[in-house]
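# Coordinates in review
Okay, here's what each chain looks like letter by letter:
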Amino acid sequence: MKTFNKITFMAAVFSAVALITNAQGVYVNLGLGYNLNAAKQVIGVNQTDNTIAGTSSMEIKTGSYGKGFGFGLGLGYMFNENIGAEASFSMLFGSKYKTTYSDDQGVTGNGEVKGKIMRITPALKVTGGEKMKPYAKFGLVIGVGAKGDLTYTETGVGYTYKDTRKYSGGTSIGWMGAFGVDFELSDMIGIFLELNSINQTWAPEKNEWSRNVTSGISTQSESGTQTYVDKLSGAQSQSAIFGVNNQELKDYNPFSSFGIHVGAKLSFGGSK
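In this report, we go over the structure that sits alongside the text.

Each value, and the rule that gives it
- Residues numbered from 1 in each chain as written.
- Predicted model: local features only at pLDDT ≥ 70, side-chain atom pairs only at ≥ 80, totals over all residues.
- Heavy atoms only, no water.
- Helix = DSSP H or I, 4+ residues; strand = E, 2+ residues; numbered from the N terminus.
- Buried < 20%, exposed > 50% of the residue type's maximum accessible area, 1.4 Å probe, protein only.
- Contact = heavy atoms within 4.5 Å.
- Areas by Shrake-Rupley, 256 points an atom, 1.4 Å probe, with all protein chains shown as cover.
- Patch = residues over 30% accessible without salt bridge, like charges linked within 9 Å, V, L, I, M, F, W, Y side chains within 5 Å.
- Salt bridge = Lys/Arg side-chain N within 4 Å of Asp/Glu carboxyl O.
- Core = buried A, V, L, I, M, F, W, Y, C linked by side-chain atoms within 4.5 Å.
- Phe/Tyr/Trp six-rings, centres within 6.5 Å; stacked < 30°, edge-to-face > 60°.

### What to know about the overall build of the chain
A count of helical and extended segments in the chain gives two helices and 17 strands. Per-residue burial for the chain yields a buried fraction of 35% across its 272 residues. Long-range contacts, defined here as pairs at least 24 residues apart, represent 66% of the contacts in the chain between residues at least 6 apart. Total accessible area on the chain stands at roughly 15200 Å², and carbon and sulfur atoms take up 61% of it.

### Focus on a nonpolar patch on the surface
Together, Leu32, Leu36, Phe71, Phe93, Leu193, Leu195, Phe258, Ile260 and Val262 make up a nonpolar patch on the protein surface, roughly 820 Å² of accessible area in all. When residues of the nonpolar patch are traced back to their parent elements, those giving at least two are β1 (26–37), β11 (189–199) and β17 (257–268). Of the residues forming the nonpolar patch, the biggest block, three residues, is contributed by β17. Note that Phe258 resides in strand β17. Residue Phe258 is classed as partly exposed on the basis of its relative accessible area, which comes to 40%.

### Here's the deal with the side chain of Asn35
Following the sequence through the fold, Asn35 ends up in strand β1. Since its relative accessible area comes to 3%, Asn35 is described here as buried. If near-sequence neighbours (up to four positions away) are discounted, Asn35 is found in contact with Gly66, Lys67, Gly68, Leu92, Asn196, Ser257, Phe258, Gly259 and His261.

### Here's the deal with the nonpolar core
Formed by Ile43, Tyr65, Leu92, Tyr97, Val113, Ile117, Ala146, Tyr167, Trp202, Tyr228 and Phe255, the largest nonpolar core amounts to 11 residues. The contact partners of Tyr65, leaving out residues within four places of it in the chain, are Ile43, Leu92, Gly94, Val113, Lys114, Gly115, Asn253, Pro254 and Phe255.

### Considerations on unusual backbone geometry
Despite not being glycine, Ala39 shows a phi value in the positive range, around 50 degrees. Its place among the elements puts Ala39 in the loop between β1 and β2 (41–49).

### Some thoughts on the packing of aromatic side chains
For the structure on display, the rule yields eight aromatic pairs. With 6.4 Å between their ring centres and 85 degrees between their planes, Tyr65 and Tyr97 make a pair best called edge-to-face. Taken together, the residues Tyr65 in the loop between β3 (57–63) and β4 (68–78) and Tyr97 in strand β6 (residues 97–103) connect sequence positions 32 residues apart. On the numbers, 6.2 Å between centres and 90 degrees between planes, the contact of Phe138 with Phe179 is edge-to-face. One end of the pair, Phe138, is in strand β8 (residues 132–156); the other, Phe179, is in strand β10 (residues 172–184), and 41 residues separate them in sequence. Residue classification places Phe179 among the exposed positions, given a relative accessible area of 54%.

In structure tokens form, the structure reads like this:
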């Protein structure tokens, strides 16, 4: 099913390009960029437990899974010289966040979490100028195919513990605002520089988890699937507390960002 969805998506993109290559006012953008944190939330905790020396400490780690590299393809149409519409398709590969744990019993732990998401962004574009055209864009952000990965490895005296979680499912709706400049090198070819801001959160629908404990030459393993819902009630909520029915309430994760993007622009039928 995943392979079919990817093929369908790529076929739709190439079909759209093929259909519009002879249209007036149509353009295609291809770009890449880097995104910084925005609307940060708590990602994890660095913790040191030293009860003997009395130097225990905890420190929160904040951030957004929207931080990281991304690339995208945009299809646009200018209704006139100043107003147009654009739909972009982009893929964000989020940066890794690491956390640590240690105590005075010789236990050390290392955690790592990251996320990625595909974004579909329909937007309105307002521009002006001649060879150098400043513009503004405003629109929705629809997140699909999001994934999150978390691993935690702990080592103590005579044992190693590893916890792995893979989050997936669910869509998200946010908004986007951007300011940039199109530099027209010819009637057909140009480059662009853009600053954009995205406000977005994501709640996964499931978590496929596994845990392994190795002690000496023996390894014990367990795995399962956790699902996330909007409401738990009665016996269902009690079961969830004790992990019986593998359900928990949804938790929204930050994917907001502020980024800079550059790329090439190809205009069909001449630039407007």
